[in-house]
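# Architecture and fold: a report
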Amino acid sequence: MALDRIETCFATCKAEQRAALGIFISAGDPDQATSTELLLGLPEAGADFVELGMPFSDPMADGPVIQAASLRAIKAGITLDKVLDMASQFRAKHPHVPLILMGYFNPIYIYGVDRFLDAATDAGVDGLIMVDLPPEEDTELCVSATNKGMAFIRLITPTTDDKRMPVVVKNASGFVYYVSITGITGSGRASADSIANAMTHIRGFTGLPAVVGFGIKHPDHVREAGQHADGVVVGSAVVSIIADNLGDDGIAAPDTAEKAFALVRDLRTGTSRL
Amino acid sequence: MNEQLANSLRNQPDEHGKFGIHGGRFVAETLMPLILQVEAAWKESKTDPEFAAEMEYYRKHYIGRPSPLFFAKRLTEYFGGAKLYMKRDELNHTGAHKINNVLGQALLAKRMGKTKIIAETGAGQHGVASATACALFGMECEVFMGAEDVERQKPNVDRMRLLGAKVHPVTSGTGTLKDAMNEALRYWVTNAETHFYIIGTAAGPHPYPAMVRDFQSVIGIEAKAQLHEAEGRLPDAIVACIGGGSNALGLFHPFLDDKDVAIYGVEAAGHGIETGEHAASLNGGRPGILHGNRTYLLQDDEGQIKDAYSISAGLDYPGIGPEHSWLHEIGRVNYVSAMDQEALEYFALCSRLEGIIPALEPAHAIAFIATMIGDMDKDQIVVMNMCGRGDKDLGAVLPILEKQGKL
């Protein structure tokens, strides 16, 4: 069950006195073979859970790094069916590692909500993070996803005040994702104090694990955020490695995935709270 | 609720910001509290006589409203059918209808205590209007404009700079209006607490589509009263061009319940809808979610947004305001289209016959009118929205007209 995998993941990390490490990559970036190699190797490198981005042409909450990754993937022919195929391969190889799909609603809307949820469940996807579906639009996808046992992971931001927090956590499941800055992916980083305060604030409203993302690039950042949060997500820093290892022909250097794994291993060293 | 109100087409959207299935609030959580604040402030302003008085003051003394309703006698004779009236919103300060909305939103921002403004722009008309209002009220203005449009519309970029705005050329994506809107939204996400985003068309997350429509409805309200004074009756048809569709909704909305008035929205067919190079979201797209709302969009089978194309930078957008999508589905408005070449032809003809150089956008409306007005009776009346003046387009249009031997 999807929710069990997520629950077990956070419980295990807690028992080991460390923050769970989540790694984000864009599916199909820069091509499906490289992206699949990367996806399948992330758990061995140290990822406790994986967020697989479903590329969209107009990612309005993403910074330049993930925008470029999305466009590379689309250009290389990624489709939602191919994303789900990657998810199936991941599930076959890693029966216990939570896999979350993250993206924007339009591709799912066009694919068909029910058809998508069935296919994602079959592929072994555990949860969804939808950037442009706030609680006000829960009837679009959240309610059906939750009914099918899929976690609907809510984004909480620095602008989410006391009045709004109950609305945001109401239909949340799996875990909640704290966007630590008012900004786009890959931009600035929040201070340790502000993360600590936010975690205390969030825990006053929900018992779900809370992870922190946005602006986290180095093991030191992981260590700092991981002292307070149940998990930490790194995206742009990993995706940047792909961009940095592309040839002039747009083809990834053969050791691209290995370089990304090295970063993940390094990030993992920051997760311990001991 | 009495029957008339219950059946009115002018009561949209519902409390969720939906026009049928269209509209809504599809935005990142960071923006939700802000959007709810904008909605609350807007609702409050609607019943505040002080706000109404302030709007009225600036409309009259700054924009120059009411804009005239002009009987286009020579074009009427040329077409040989119904009488053609033009609502002269190109005579507004800054040369287009955009200022009607900008002034309303800027006053709302002021009321909310915001002194920093974000705007996106395609042709630059909304950017110029925003820069103008910011100069007027002493606000900071950040305008996002596709890098390609910055090149194409240099005079407007210069105007914005002179007015004190900062113009950000947008190179992400394809560097056009949709990318400018993405970038403006990203900037807003980053500066959510301090900035007010003035969206330029009747699209985006609720309450923008309804709010922009309300600020633009002054066009239709005036036109209705002016035509009543001139002819003592309602028009038989009203026509406006559509990119996002704010000038069109401004004209249409006050007429929606007048069942005998035929309404036509003219999309940009670019090189022809069948070529795929066009900006006709209703005639060539399907419903999807972009920029905070569900509406008809140009997109592929995977839900990836396609680039729009039109010779007119103001119509060059892959979406359309959600209220238009609803009006299309219920059949109240007829959405038609005109191609680049047709718009160019009537750009020139209107200039020669009426001494009015239309913007390329309303030239599309005239091009459609040319296909139907000749078949109407001489005592019938058509009103079109001359929503902008064409000075900005001379650089793009003149070389083509010269090449075609039409100068």
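First, a word on what this report is: a plain description of the structure on this page. A quick note: this is a predicted structure, and the numbers were derived from the prediction, not measured. (Residues numbered from 1 in each chain as written. Chains lettered and ligands numbered in written order. Predicted model: local features only at pLDDT ≥ 70, side-chain atom pairs only at ≥ 80, totals over all residues. Heavy atoms only, no water.)

At the junction of the two partners, chain B supplies 38 residues and chain A supplies 36 residues. Between chain B and chain A, roughly 3000 Å² of surface is buried when both sides are summed, and carbon and sulfur atoms account for 53% of that area. When the buried surface of chain B facing chain A is broken down by residue, Glu 29, Arg 186 and Glu 302 of chain B rank first, second and third, together holding 23% of it. Between Lys 178 of chain B and Asp 58 of chain A there is a salt bridge, with its nearest N and O atoms 2.9 Å apart. Our enumeration of links across chain B and chain A arrives at 16 residue pairs in polar contact (both at pLDDT 80 or more). At the level of elements, strand E2 (22-26), helix H2 (32-46), helix H9 (177-190), strand E11 (286-290) and strand E12 (292-297) of chain B are the ones that each hand at least two residues to the side of chain B that touches chain A. (Contact = heavy atoms within 4.5 Å. Buried area = accessible area lost by both parts, 1.4 Å probe. Salt bridge = Lys/Arg side-chain N within 4 Å of Asp/Glu carboxyl O. Polar contact = N/O pair within 3.5 Å; in protein donor to acceptor, adjacent residues only side chain to side chain. Helix = DSSP H or I, 4+ residues; strand = E, 2+ residues; numbered from the N terminus.)

Attention now moves to the packing of aromatic side chains. Taken as a whole and judged by the stated rule, the model has 18 aromatic pairs over all chains. Ring centres 5.8 Å apart and planes at 45° place the aromatic pair Phe 10 of chain A and Phe 49 of chain A in the tilted group. Within this pair, whereas Phe 10 of chain A is found in helix H1 (residues 2-15), its partner Phe 49 of chain A is found in strand E2 (residues 49-54), the two being separated by 39 residues in sequence. Taken as a pair, Phe 10 of chain A and Phe 49 of chain A share a single burial class, namely buried. Here the aromatic rings of Phe 71 of chain B and Tyr 85 of chain B are separated by 5.4 Å at their centres, their planes lie at 40°, and the arrangement is tilted. One end of the pair, Phe 71 of chain B, is in strand E3 (residues 69-71); the other, Tyr 85 of chain B, is in strand E4 (residues 83-87), and 14 residues separate them in sequence. Owing to a relative accessible area of 27%, Phe 71 of chain B belongs among the partly exposed residues under this scheme. Take Tyr 85 of chain B: its relative accessible area is 6%, and that puts it in the buried class. Among the aromatic residues, those joined into a cluster by ring pairs are Phe 10, Phe 49 and Phe 175 of chain A. One residue, Arg 115 of chain A, lies across the ring of Tyr 111 of chain A, its end atom 3.8 Å from the ring centre. The ring of Phe 255 of chain B has Lys 224 of chain B lying over it, and the distance from NZ or CZ to the ring centre is 5.3 Å. (Phe/Tyr/Trp six-rings, centres within 6.5 Å; stacked < 30°, edge-to-face > 60°. Buried < 20%, exposed > 50% of the residue type's maximum accessible area, 1.4 Å probe, protein only. Lys NZ or Arg CZ within 6 Å of the ring centre and 35° of its normal.)

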